[in-house]
Amino acid sequence: MTITLRELARKLDCPFEGDGAVEITGVAGLEQAGPGELVFLAQAKFRPLLEQTKASAAVVSPDLPFSRLPVLRSADPHRTFVLAARLFYEPYRPAPGIHPAAVVSPSARIGEGVSVGAFSVIGDGVEIGAGTVVFPHVTVYPGVKIGAASVLHSGVELRENVTIGDRVILHNGVVIGADGFGYLRNADGSHLKIPQMGTVIIEDDVEIGANSTVDRAALGATIIRRGAKIDDLVIVSHNCEVGENAILVAQVGIAGSSKIGRGAILSGQVGIADHLTVGEGAIIAAKSGVTGNVPAGAFISGSPHLDIRVWRKFWAVAPQLYDLVKEVKKLRARVEELEKKN
Amino acid sequence: MTITLRELARKLDCPFEGDGAVEITGVAGLEQAGPGELVFLAQAKFRPLLEQTKASAAVVSPDLPFSRLPVLRSADPHRTFVLAARLFYEPYRPAPGIHPAAVVSPSARIGEGVSVGAFSVIGDGVEIGAGTVVFPHVTVYPGVKIGAASVLHSGVELRENVTIGDRVILHNGVVIGADGFGYLRNADGSHLKIPQMGTVIIEDDVEIGANSTVDRAALGATIIRRGAKIDDLVIVSHNCEVGENAILVAQVGIAGSSKIGRGAILSGQVGIADHLTVGEGAIIAAKSGVTGNVPAGAFISGSPHLDIRVWRKFWAVAPQLYDLVKEVKKLRARVEELEKKN
Amino acid sequence: MTITLRELARKLDCPFEGDGAVEITGVAGLEQAGPGELVFLAQAKFRPLLEQTKASAAVVSPDLPFSRLPVLRSADPHRTFVLAARLFYEPYRPAPGIHPAAVVSPSARIGEGVSVGAFSVIGDGVEIGAGTVVFPHVTVYPGVKIGAASVLHSGVELRENVTIGDRVILHNGVVIGADGFGYLRNADGSHLKIPQMGTVIIEDDVEIGANSTVDRAALGATIIRRGAKIDDLVIVSHNCEVGENAILVAQVGIAGSSKIGRGAILSGQVGIADHLTVGEGAIIAAKSGVTGNVPAGAFISGSPHLDIRVWRKFWAVAPQLYDLVKEVKKLRARVEELEKKN
């Protein structure tokens, strides 16, 4: 796509300055950009890079004195740049059609414009909505329902009867619907498997990162609500519910039956114990281990978790505690000395 | 399967009350259940759901006053329910037979009733015991031995010469026998790979969750003992031994050459350093980082790990320590004041 | 391979003692070794095993009094043993050639002696260097460049346009180039995906463990520098750079845009927050959570991270702090008492 800056400004609903006829063919970072590309400046510290960039135009904040290049003015240059990037950038998608080396059950219902790649397996009774892309090497067990315009990258495994919504993106190696981890201990120490008879529901607009797993429920469904975004190597265990637009950063683990509120943010490597509730909009700092319910809007950290302010105060003094112990010992001696004298 | 409550009571060895002729066709949760289904009440707090359930029968404790529905009486309603579920529920398994799109080495020995799915690869000299199910998209490197009645879900990768027992379940994406992580540092800072010449042995009745990895030994074998249960995204490193019936919850990591005792429980995200021993029946609380041997029966928590009682006491006072530092400072001033006067 | 001890000593540049004509056919551990095999003694505590080994020769330190078997003398017996092991041990590699059940784009350029296994998919414009082994069930998206003598195990997924160097080993389930985790929050709480337009560059001699993921950059490239070694279940996020010969142990997570210095060691389950720098040769103890830059050569531990000495001192006294709080309370009472008297 080639578009003039003037036209781009119109599409992005931004004012521009300088030569509106300059042609933009793509976006890039300040250092990598070449002629025809659009860059952005989000932080003042990158200003020297802006002075040297070979880009043809830049998105800058409304008040930045800068006229070396034509500019788009935006109160949020990063967002405007991202919106521009989305106009220019098409992620790789294979063409529609079913590859002759795919195995598709005759009872599967495949929508219009669907792509099914080489060596993918589509089981009995599966439904795939229009425009969905199934890359090579995807296994879809029987009874799975997949919505429209979704993308299943190679190595995705969808277990029996799970449901995937519209515009869902599952990155490579994602496993949806493997058995939850449930056993009862027998008298001899062995474990009785609790049948994992439930399913998984992934609602619309969810994205799940590479090699993450969402386990099926014992009864009922594990649910990932609309718009939730999940990074790589995350586990959502059986019977959990992850709220609308929640964010789970890499390597988060959520134990069975816990509920994560709408818009909550679980930072990297956070662990949530089982049967808990994390309230709407709560923020859990990286590596926290959550062992109790977290109220809506809370900001917590640590393992065991504390209110972030308490956690910060504690760690501010932690390095002094070794000396404090000695200090108290000395004080006790001094007090004893004083007591003797009195 | 349809069975009368009377007959079900007989199979589960429980007394029943009410209409023994009611027909049971399955099990379900209190809220989802419909006619023909059996539910259970494990905790008093769910009693209101029991009053409203549309199920046809319930498993309840011996002393619960309840006669709205026919009931099975059990001292452990959850266990009785699970045993009932196992009677009714058959997890999805493909039919026996080798799919025409699988690649099976002529030198492989495939037992009776084995299923090998589309696009699975069975290498030279592989042995697969009777009734084992190999889903589509499983890669079995040469020399692997797999027992009877095991299940390998799609995306499982079994590296050369590993051994898998009977009734083992490997969920999607499990990797058994990838190289252990072993190097010697060269003088120039580069790393000399230590050949990982050993293997992995997975004994009978082990279950391993999605995307977990068990690495092959440098010499000898990494061993998962009979009945151990492993959740998703766990790593068992080279030369480890995981004891009989041990439990490894999601995202546990065990470094090289460590031994986990029989029946030990490692909760989610626990890390065990290398060359350690965790004793029989020990319990390691979630997120603990274990850097020393753990005695049999111990219950520990934290990173570095502490006895759980010590850990709890420490964290009970941790939020007070910021103020304690100030308090001690004041006390010192007061003692100095007193000393001046004396 | 069969070789005399004399010849082996020459190849390894070590002196030998005893019968130089003894024939060596392989290496093994002290307990498993049989006739024809070479063992080594690295630690004095294993001396009793050396006395009983059935091996035909041993690598021992220069000063060890031992003459029961022919020996190689080495100041570093483990290293000499590893070098011997590398002479004898050939990891399993399939024969060169493209399996008839692979799908290789006509526009792909496949080097001499390359092996492409059953059901592997090689996309348009892919280049694969001489002698590289692509096991079965590998998906290589279009535009990928792979160097010579590399090994891609089954289940590896290489996303569009990533670059893999020479002598790289990617274990099963590794995902290179899945989208980085980047969004902007919209006013309604939903998330706007930031296109991940960049790529991944894996330089020469890198090894990556099973089910690890390296995400593609938003702009530019995520880079793993020459000789870095990465264990299982690690995530390297978008726009990170992992330095030459760095070591990332299992389950490490590095958030976006962080840089890990040359030769740095990140122990198991370490988390590095985004936009940080870990200096050359720094050592991060297991389970640390790094939230600030780490200087070159530092040795840190904890979450939040502390200098290892500070961290050790803190944890040395942590179990005493519960009592310390009480002690201070008592001291205060005693001081008050004294103050009253004065």
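Residues numbered from 1 in each chain as written. Chains lettered and ligands numbered in written order. Predicted model: local features only at pLDDT ≥ 70, side-chain atom pairs only at ≥ 80, totals over all residues. Heavy atoms only, no water.

**A few points about helix α3 (residues 77-88) of chain A**
Here α3(A) contains twelve residues, and its C-alpha end-to-end distance of 17 Å stays within 8% of the 16 Å for a straight helix at 1.5 Å per residue. Those residues of α3(A) not exposed but buried are Pro77(A), Thr80(A), Phe81(A), Val82(A), Ala84(A), Ala85(A) and Phe88(A). (Helix = DSSP H or I, 4+ residues; strand = E, 2+ residues; numbered from the N terminus. Expected span 1.5 Å × (residues − 1). Buried < 20%, exposed > 50% of the residue type's maximum accessible area, 1.4 Å probe, protein only.)

**What to know about unusual backbone geometry**
The step from Ser303(B) to Pro304(B) runs through a cis peptide bond, and the omega angle for that step is 5°. Looking at the element boundaries, Pro304(B) is found in the loop between β39 (299-301) and β40 (306-307). Notably, Gln269(A) is not glycine yet its phi reads approximately 65°, a positive angle. Structurally, Gln269(A) can be placed in the loop between β34 (265-266) and β35 (271-272). Although it is not a glycine, Gln251(B) adopts a positive phi angle of roughly 65°. Its place among the elements puts Gln251(B) in the loop between β31 (247-248) and β32 (253-254).

**Re the sheet that holds strand β35 (residues 271-272) of chain B**
Residue and element names in this part refer to chain B. Strand order in the open sheet made by the ten strands is β9-β12-β15-β18-β21-β26-β29-β32-β35-β38, with parallel pairing throughout. Where the open sheet ends on each side, the last strands, each with one partner, are β9 (103-104) and β38 (289-290). Where β32 lies against β35, two bridges are found, and the strand directions are parallel. From the neighbouring strand, Gly 253 faces β35, where its bridge partner is Gly 271. (Pairing = 2+ DSSP bridges.)

**Quick notes on the packing of aromatic side chains**
Counted according to the given criterion, the structure contains 27 aromatic pairs over all chains. An angle of 65° between the planes, with centres 4.8 Å apart, marks the rings of Phe314(A) and Trp315(A) as edge-to-face. Per residue, the accessibility class of Phe314(A) equals that of Trp315(A), and both read buried. One aromatic cluster is present, built from ring pairs that chain together Phe314(A), Trp315(A), Phe314(B), Trp315(B), Phe314(C) and Trp315(C). (Phe/Tyr/Trp six-rings, centres within 6.5 Å; stacked < 30°, edge-to-face > 60°.)

**A closer look at the side chain of His171(B)**
Mapped onto the secondary structure, His171(B) falls in the loop between β20 (169-170) and β21 (175-176). If sequence neighbours within four positions are ignored, His171(B) has contacts with Arg159(A), Ala178(A), Asp179(A), His153(B), Val156(B), Glu207(B), Ile208(B), Gly209(B) and Ala210(B). (Contact = heavy atoms within 4.5 Å.)

**Notes on the interface of chain A and chain B**
Chain A puts 69 residues into the contact, and the matching count from chain B is 60 residues. Here chain A is connected to chain B by four salt bridges. Measuring nitrogen to oxygen at the nearest pair gives 3.8 Å for the salt bridge that ties Arg334(A) to Glu336(B). Counting the contacts that link chain A with chain B gives 30 residue pairs in polar contact (both at pLDDT 80 or more). Taken together, the elements giving at least two residues each to the side of chain A that touches chain B come down to β22 (183-185), β23 (191-193), α4 (308-317) and α5 (321-341) of chain A. Ranked by residues supplied to the side of chain A that touches chain B, first place goes to α5(A) with nine residues. Residue composition of the side of chain A that touches chain B, grouped by class: 35 nonpolar, 21 polar and 13 charged. (Salt bridge = Lys/Arg side-chain N within 4 Å of Asp/Glu carboxyl O. Polar contact = N/O pair within 3.5 Å; in protein donor to acceptor, adjacent residues only side chain to side chain. Nonpolar A, V, L, I, M, F, W, Y, C, P; charged D, E, K, R; others polar.)

**So, the packing of helix α1 (residues 5-12) of chain B against helix α3 (residues 77-88) of chain B**
Residues and elements named next belong to chain B. At their nearest, the axes of α1 and α3 sit 11 Å apart, and the two run at 110° to each other. With respect to α3, the axis of α1 lies roughly perpendicular. The handedness of the crossing between α1 and α3 is right-handed. Of the residues in α3, those in contact with Leu 8, Lys 11 and Leu 12 of α1 are Thr 80, Leu 83, Ala 84, Leu 87 and Phe 88. Partitioning the contact of α1 with α3 into residue classes produces six nonpolar, one polar and one charged. (Axes fitted to C-alpha atoms, helices over the stretch in contact; angles between N-to-C directions. Parallel < 35°, antiparallel > 145°, perpendicular 65-115°, else oblique. Left-handed = near helix turned anticlockwise from the far one by under 90°.)

**What about the pattern of salt bridges?**
A side chain of one charge can pair with a side chain of the opposite charge when the charged atoms of the two come close. All names here are of chain A. Summed over the entire model, instances satisfying the criterion amount to 60 salt bridges over all chains. In this structure, Arg 159 and Asp 179 form a salt bridge, with 3.2 Å as the shortest nitrogen-oxygen distance. With Arg 159 in the loop between β18 (157-158) and β19 (163-164) and Asp 179 in the loop between β21 (175-176) and β22, the pair connects residues that are 20 residues apart, well separated along the chain. Where Asp 179 meets Lys 193, a salt bridge forms, and the shortest distance between an N and an O atom there is 2.8 Å. Taken together, the residues Asp 179 in the loop between β21 and β22 and Lys 193 in strand β23 connect sequence positions 14 residues apart. The exposure class assigned to Asp 179 is buried, which follows from its relative accessible area of 12%. Residue classification places Lys 193 among the buried positions, given a relative accessible area of 16%.

**Focus: the relation of the copies chain C and chain A**
Superposition of chain C onto chain A requires a rotation of 120° combined with a translation of 0.0 Å along the rotation axis, giving an RMSD of 0.1 Å. Both copies are brought into coincidence by an operation consistent with a three-fold rotation axis. (Least-squares fit on C-alpha atoms with pLDDT ≥ 70 in both.)

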